[in-house]
Amino acid sequence: MSRPQPTLEYVLSADGTRIGLERLGAGPPLVVVHGGAADRSRWAPVAPTLAEQRTLLLVDRRGRGASGDGPAEEYRLRLEVEDIVAVIDAAGAPVTLLGHSYGALCSLDALLHTGRIERALLYEPPFSTPGLPALDVTVIERMEEQLTEGDREAALETMLVDGAGVDPPTLEIMRRAPAWAARVDAVPTIIREVREVNNYVLEPSRFAAITIPVRFLVGTESAPFLRAATAAAHAGVAHSDIVELPGQAHTAMDTAPQLFLDEVLRFLD
C-alpha cells in the first residue's frame, strides 16, 4: 500500500497568525518543532525514517517558511507556545512532541497549556542558568550590526559559533545542508528569539504537576550553557530523564543522524 503523500496544512494560532506545517507519514502523530536557525526543512536528514512509524507534523515556527508572523514589537515566547498548542489541537489525537533548541524551549512551556501531549522529547532547550548566561549581549549586538549591514550569513555564523558553540567541522556540515538557505533567511527572527532566551527563567514549581514522560537530550560536546540549561530543565520537570548523545553537540540530527534517530525511536517505542 502506498504511503500518504506529504501535504502542507495551516492552523490559526490564538492571535490569528497562520501557522504552516507539513504532514507526512502514517501512524500516531508526532509534532516536530525546529530551533532558532531553521525552518521545517532542517529535519530533512531524519524525517523520512521517522515518517515510517509516525505521522509527522513538521511545524514552521512563526516568521519562517509557510507560517505568517505578527508585529515584531509584540513578539514573545508565549506566542510560539500558543502556535504549538494550535498545531496539537488540530492533530486529531494525543501527540508526542519533539522540540529542538528554541523549539524545545517553546515546547517545554507548551506542556503547561494543553492536556493533549502524551510524551515529550526535548533536545537542549536554551536559557541562562546561574553563572552561565545563554548569550552574551555583545554577541547579540554584533549580530544586529551584521544584519544592519545586510550580511545575514555573517550574523547567522556569529550566533552559531559564538552563541551555540558550533565548531568549524559542524558549521561546514550545516552550510552544506539543504536547510542552510532557510537558516540565513531566518536571521531577523533569530535575534528576537535570542532575547527571549536570555530573559527566560525556569520555575520548577510551574512543572511540578507534569505527569507525562519527558526526556531531555544533550550532547556531550555541547556548549556549557546548553548542558547546564538542559540539566536544570531535567531537575525542574517532574517525571523527566536525560540522555547524553556521545561525541555530539547541538545538532546531532545533522552530524550523527542515525544516533539521533536511534534515541528518538527508542523513546517513541
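Scroll up to find the structure.
Below you will find a few notes about this structure. (Residues numbered from 1 in each chain as written. Predicted model: local features only at pLDDT ≥ 70, side-chain atom pairs only at ≥ 80, totals over all residues. Heavy atoms only, no water.)

1. Focus on the environment of Gly-163
Position of Gly-163 among the secondary structure elements: in helix α5 (residues 152–163). Linking Gly-163 and Val-194, residues 31 residues apart in sequence, is a C-alpha distance of 9.3 Å. Setting aside anything within four residues of it in sequence, one finds Gly-163 in contact with Ala-134, Leu-135, Thr-158 and Phe-225. (Helix = DSSP H or I, 4+ residues; strand = E, 2+ residues; numbered from the N terminus. Contact = heavy atoms within 4.5 Å.)

2. A short note on empty space enclosed by the protein
According to the stated counting rule, one finds one cavity of 30 Å³ or more in the structure shown. What lines the largest cavity is a set of 26 residues, among which Ser-101, Pro-126, Met-159, Ala-164 and His-250 lie closest to the centre. Contributing elements (two or more residues each) for the lining of the largest cavity: α5, α8 (187–199) and α9 (224–236). Here the element with the most residues in the lining of the largest cavity is α8; it accounts for four residues. (1 Å grid on protein atoms, 1.4 Å probe; cavity = no way out; pocket = protein on both sides within 12 Å on 5 of 7 lines; lining within 4 Å. Points joined across faces, edges and corners; volume = space filled by probe spheres on them.)

3. Topic: the packing of aromatic side chains
Per the counting criterion, the structure on display carries three aromatic pairs. Look at Phe-127 and Tyr-200: their rings are 5.6 Å apart centre to centre, the planes differ by 50 degrees, and that puts the pair in the tilted class. Residue Phe-127 is found in the loop between β6 (117–123) and α4 (137–148), and its partner Tyr-200 is found in the loop between α8 and β7 (214–219); the two are separated by 73 residues along the sequence. Judged on exposure class, the residue Phe-127 and its partner Tyr-200 are both buried. An aromatic cluster of three or more residues is present, and its members are Trp-43, Tyr-123 and Phe-260. A cation over an aromatic ring shows up here: Arg-119 above the ring of Phe-267, its NZ or CZ 5.0 Å from the ring centre. Over the ring of Tyr-75 we find Arg-192; its NZ or CZ atom is 4.1 Å from the centre of that ring. (Phe/Tyr/Trp six-rings, centres within 6.5 Å; stacked < 30°, edge-to-face > 60°. Buried < 20%, exposed > 50% of the residue type's maximum accessible area, 1.4 Å probe, protein only. Lys NZ or Arg CZ within 6 Å of the ring centre and 35° of its normal.)

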